[in-house]
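Structural overview
Okay, here's what each chain looks like letter by letter:
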Amino acid sequence: MEHEFTSISREQTIALGKRLATLLNLGDVVLLTGDLGAGKTTITKGIANGLNITEKVNSPTFNILKIYLKGDKPLFHIDAYRLEDDKKDIGLDEYIGEAGITVIEWPAFIKHLLPEKALEINITHRDLTSRNITLKGEGHYADVVNAIAKEFK
Ligand SMILES: Nc1ncnc2c1ncn2[C@@H]1O[C@H](COP(=O)(O)OP(=O)(O)OP(=O)(O)O)[C@@H](O)[C@H]1O
Ligand SMILES: [Mg+2]
């Protein structure tokens, strides 16, 4: 299942994240791809918001992994950007497909750690305030994409 729509504002992308939070289960993995500044962290902020996480979510670029345990479900936010060319095992696998929702920015840099199935979200710039967002998934993730497709057109 695949769905593409245009988000016309940061707020709409946050709303998408919030809605996703209600559809995702423990163990689910979300892969966020797209150019620098496309809105990957913005969607993650929406997911955190939807999970009632009150801590500020920002880019974990310098941390690689940020863990939020105080919401309705644990959220693991991975930004693999700095792992480019670095295949070292730093134990990230413990936070993928386990007891939380895992959101991964720049998943291409940790291909060897990714599960077979995930919700794939690609974001590309259209202009200053709008983005093309494509969601793709199979099995349970197809249900998630279907639900989003009904509300984000
Ligand atoms: N429709 C939109 N959806 C999402 N973000 C938008 C939109 N319009 C404008 N923006 C702005 O674009 C920027 C997106 O930044 P964000 O940090 O989410 O990108 P990113 O994909 O995580 O970048 P990086 O690759 O550096 O991690 C924010 O400043 C946000 O306010
Ligand atoms: Mg980011």
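The structure under discussion appears in the preceding block.
Residues numbered from 1 in each chain as written. Chains lettered and ligands numbered in written order. Predicted model: local features only at pLDDT ≥ 70, side-chain atom pairs only at ≥ 80, totals over all residues.

**Brief notes about the overall build of the chain**
Across its full length, the chain carries three helices and seven strands. Along the chain direction, N to C, the helices and strands of the chain fall in the order β-α-β-α-β-β-β-β-β-α. A globule of 153 residues ought to have a C-alpha radius of gyration of about 15 Å, and the chain, at 14 Å, matches this closely. Considered along the principal axes of its C-alpha atoms, the chain spans approximately 40 × 30 × 30 Å. Considering only intrachain contacts with a sequence separation of at least 6, the fraction spanning at least 24 residues in the chain is 66%. (Helix = DSSP H or I, 4+ residues; strand = E, 2+ residues; numbered from the N terminus. Rg over C-alpha atoms; globule rule 2.2 N^0.38 Å. Contact = placed C-beta atoms within 7 Å.)

**Thoughts on the site of ligand 1**
Not every one of the 18 residues close to ligand 1 is listed here, only the nearest: Thr13, Gly39, Lys40, Thr41 and Thr42. Of all the secondary structure elements, the ones that give two or more residues to the shell around ligand 1 are helix 1 (10-23) and helix 2 (40-50). For the shell around ligand 1, the per-class residue count stands at two nonpolar, 12 polar and four charged. (Near = placed C-beta within 6 Å. Nonpolar A, V, L, I, M, F, W, Y, C, P; charged D, E, K, R; others polar.)

**Things to note about the nonpolar core**
In this structure, Val30, Ile47, Leu75, Ile104 and Ile121 are the most contacted members of the largest nonpolar core, which totals 37 residues. Listing elements by their share of this core, those giving two or more residues are helix 1, strand 2 (29-34), helix 2, strand 4 (75-79), strand 5 (101-105), strand 6 (119-125), strand 7 (131-136) and helix 3 (140-151). In this structure Val30 touches Val103, Ile104, Ala118, Leu119 and Ile121, once residues within four positions along its chain are discounted. (Core = buried A, V, L, I, M, F, W, Y, C linked by C-beta atoms within 7 Å. Buried ≥ 20, exposed ≤ 12 C-beta atoms within 10 Å, placed from the backbone.)

**A few points about helix 1**
The first and last C-alpha atoms of helix 1 sit 20 Å apart over 14 residues, in line with the 20 Å expected at 1.5 Å per residue. Within helix 1 the residues assigned to the buried category are Thr13, Ile14, Leu16, Gly17, Leu20 and Ala21. Down the axis, helix 1 shows its buried residues gathered within 155° of arc, on one side only. The exposed residues of helix 1 that point more than 90 degrees off its buried face are Glu11 and Thr22. In this fold, the buried residues of helix 1 make contact with strand 1 (2-7), helix 2, strand 7 and helix 3. (Expected span 1.5 Å × (residues − 1). Arc of directions from axis to C-beta.)

**Topic: the sheet that holds strand 2**
Pairing is mixed in the open sheet, where seven strands are placed in the order 1-7-6-2-5-4-3. Two strands bound the open sheet, and with one partner strand each, they are strand 1 and strand 3 (65-68). In this sheet, adjacent strand axes meet at a mean angle of 15° when their direction is disregarded. The pairing of strand 3 with strand 4 spans four bridges and is antiparallel. In the sheet register, Lys66 faces strand 4, and the bridge partner there is His77. Packed on one face of the sheet, helix 2 meets strand 2, strand 3, strand 4, strand 5 and strand 6 and runs near 165° to strand 5. (Pairing = 2+ DSSP bridges. Axes fitted to C-alpha atoms, helices over the stretch in contact; angles between N-to-C directions.)

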